Amino acid sequence: LKEFFMKKLIFSFSLIFSALSFAELYEDYEPSEQHTELTVISVQSNYLDDYLVNLKRTWIRGMEIQKDLGHIIDYGVWTSASANSPNVWLTVTYENMGAMQPSEEKYDAVQAEWDKRYGDEDSVIDKISKGYEEIRTMVDSQIINKVIFK
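About the cut-offs
- Residues numbered from 1 in each chain as written.
- Predicted model: local features only at pLDDT ≥ 70, side-chain atom pairs only at ≥ 80, totals over all residues.
- Heavy atoms only, no water.
- Pairing = 2+ DSSP bridges.
- Helix = DSSP H or I, 4+ residues; strand = E, 2+ residues; numbered from the N terminus.
- Axes fitted to C-alpha atoms, helices over the stretch in contact; angles between N-to-C directions.
- Contact = heavy atoms within 4.5 Å.
- Buried < 20%, exposed > 50% of the residue type's maximum accessible area, 1.4 Å probe, protein only.
- Arc of directions from axis to C-beta.
- Salt bridge = Lys/Arg side-chain N within 4 Å of Asp/Glu carboxyl O.

Undergrad: How do you make sense of the sheet that holds strand β5 (residues 136-144) when you look at a structure like this?
TA: Pairing between the strands of a sheet comes from backbone hydrogen bonds, and it takes one of two forms, parallel or antiparallel. The sheet built from 4 strands is open, its strands ordered β3-β4-β2-β5 with antiparallel pairing. Only two strands of the sheet have a single partner each, and these edge strands are β3 (74-79) and β5. Taken pair by pair, the neighbouring strands of this sheet meet at an average axis angle of 15°, ignoring direction. Taken strand by strand, helix α5 (residues 122-135) contacts β2 (35-43) and β5, and its axis lies near 100° from that of β5.

Right, dumping it as C-alpha cells:
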C-alpha cells in the first residue's frame, strides 16, 4: 500500500513539473511594461539613521522632482532591520525602457526645478553627498521588471 501511494505521488509530481515546463511567454505570463531600477547598498550599521535622514535631503528630493515632471512613475527606499549587509534598497520605477533613457532636456528640467526649490542649499547638499562614500558601499544595481501571470 505504501509503495502504491509513493508511485502515485511521484507520478503526480512528474505531471505537475512537466506541465510547468511548457509555460509560454505571453500565453502564461508576460513581463510588465514598467521597469524598475534596483540599487543595493550596504550602509555601516551605526550610520543607517544618518544615511536615511540625509537621503531625504538629497536623493528623495531629486526623485520627487522627477516624479513631478513625469520622468518616473514612483520610487522607494527599503531597509531591513535584520540584515547586516546589504541593508538598503532603492527603487525607481519607469513607465518603460524608453523612459529610462537620459536626455539633455530631462537633465535641464530637473536642474532648473532643483535650483528653484533647493538652490540656496547647494553647499550643504554637496557636503552631504560627498559624505555618503564614507558610510556606504554600492553593492549592486539591476534593471528588473515585474512578471504578470495570466
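There's more to say after this.
Undergrad: Explanation requested: helix α2 (residues 48-57) in the structure shown.
TA: Counting along an α-helix, one turn takes 3.6 residues, and residues three or four places apart therefore face a common direction. Of the residues making up α2, those classed as buried are Leu48, Tyr51 and Leu55. One face of α2 carries all of its buried residues, which in axial projection span an arc of 60°. Residues of α2 that are exposed and point more than 90 degrees away from the buried face comprise Asp49, Val53 and Lys56.

Undergrad: Any chance you could explain the pattern of salt bridges here in plain terms?
TA: Note that side chains of opposite charge can pair when their charged atoms are close. This structure, assessed with the given rule, holds 8 salt bridges. Salt-bridge contacts for Lys116 lead to Glu113; the nearest nitrogen and oxygen are separated by 3.2 Å. Of this pair, Lys116 and Glu113 both sit in helix α4 (residues 104-118), separated by 3 residues, roughly a single helical turn. With a relative accessible area of 64%, Lys116 lands in the exposed category. For Lys130, the salt bridge goes to Asp126, with nearest N and O atoms at 3.1 Å. One end of the pair is Lys130 and the other is Asp126, both in helix α5 and 4 residues apart, which spans about a single turn. You can call Lys130 exposed: its relative accessible area is 57%.

By themselves, these observations are geometric and do not establish any function.
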